[in-house]
Amino acid sequence: MSKKPTPAETSAPAERVRDPHIHIAASEDFKQATLTITSGRKKIVLDLNAAQVADLITGLGAVHQAMVGANIPPIEGVSFTPVRRTNWALQLDPESQGSILAFQHPAYGPIGLAMTPADAAKVAHGLSLHQQLNAATLKASGPAN
């Protein structure tokens, strides 16, 4: 995705595609993906490797962030897929004097959530309450079978 275009690629006029249908699928061996864009009888097929898919995700995320702007949508009622197994790390955030929770999201790549000291304290308190609730639930229900 980050290769330099050849003169032939830069000299061709861009053609606008109306109401595109976009489909992406992994190959059977999961070593490549095929991105297909169709509009009417026009069809563009791109074969991408894992690095190019990651670049595409990063680029789409940046564009989406610019389109949404500073208005962060509410989280209430939004469906999401939890990340249950990943690598993660905590590090200091010099800018906010808080913390950064960084983790490898299996779909989106590395993500870092910066938290102010007040936000970090709220998260720590919430996690502590969840541990207490889980322990009380386990104690009340007894061992499984």
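Everything discussed here concerns the structure shown above.
Engineer: Would you explain the overall build of the chain in this entry?
Structural biologist: Scanning the chain from terminus to terminus reveals three helices and six strands. From first element to last, N terminus to C terminus, the chain shows the α and β order α-β-β-β-α-β-β-β-α. Evaluated residue by residue, the chain yields a buried proportion of 8% over its 145 residues. Restricting to contacts in the chain with at least 6 residues of sequence separation, those with at least 24 account for 8%.

Engineer: Where do I start with the sheet that holds strand β4 (residues 88–93) in this structure?
Structural biologist: Where strands meet in a sheet, backbone hydrogen bonds hold them as pairs that are either parallel or antiparallel. Taking strand neighbours across the sheet as the criterion, the three strands line up as β4-β5-β6 in an open arrangement whose pairing is antiparallel. If you trace the sheet from one side to the other, it starts and ends with β4 and β6 (109–115), each paired once. The average angle at which neighbouring strand axes cross in this sheet is 25 degrees, direction not considered. Inspection of the sheet shows strand β5 (residues 98–105) paired to β6 by seven bridges, in the antiparallel sense. Counted as the bridge partner of Ile-100 is Ala-114 from β6.

Engineer: How do you make sense of the pairing of β5 when you look at a structure like this?
Structural biologist: Strand residues, when the strand is regular, have side chains that alternate between the two faces of the sheet. Judged from the six bridges that link them, β4 and β5 form a sheet pairing that is antiparallel. In the sheet register, Trp-88 faces β5, and the bridge partner there is Phe-103. Following β4, the chain reverses through four residues before pairing antiparallel with β5; Gln-97 in that reversal takes a positive phi of roughly 60 degrees. Counting the residues in the hairpin turn of β5 and β6 gives three residues.

Engineer: Looking at this structure, how should I read the sheet that holds strand β3 (residues 42–48)?
Structural biologist: The sheet built from three strands is open, its strands ordered β1-β2-β3 with antiparallel pairing. Both edges of this open sheet fall to β1 (21–26) and β3, since each of them pairs with a single strand only. With strand direction ignored, the average angle separating the axes of adjacent strands in the sheet is 15 degrees. For β1 and strand β2 (residues 33–39), the ladder comprises six bridges, and the chain directions are antiparallel. Note that in β2 the partner of His-23 across the bridge is Thr-36.

Engineer: Whenever I open this one, the environment of Ser-96 confuses me. Can you help?
Structural biologist: Relative to the elements of secondary structure, Ser-96 occurs in the loop between β4 and β5. Separated by 19 residues in the primary sequence, Ser-96 and Met-115 have C-alpha atoms spaced 7.5 Å apart. When residues no more than four places from it in sequence are discounted, the contact partners of Ser-96 are Met-115, Thr-116 and Pro-117. There is a polar contact of 2.8 Å between the side chain of Ser-96 and the side chain of Asp-93. At 3.1 Å, the side chain of Ser-96 forms a polar contact with the backbone nitrogen of Gly-98.

So, how was this worked out
- Residues numbered from 1 in each chain as written.
- Predicted model: local features only at pLDDT ≥ 70, side-chain atom pairs only at ≥ 80, totals over all residues.
- Heavy atoms only, no water.
- Helix = DSSP H or I, 4+ residues; strand = E, 2+ residues; numbered from the N terminus.
- Buried < 20%, exposed > 50% of the residue type's maximum accessible area, 1.4 Å probe, protein only.
- Contact = heavy atoms within 4.5 Å.
- Pairing = 2+ DSSP bridges.
- Axes fitted to C-alpha atoms, helices over the stretch in contact; angles between N-to-C directions.
- Polar contact = N/O pair within 3.5 Å; in protein donor to acceptor, adjacent residues only side chain to side chain.

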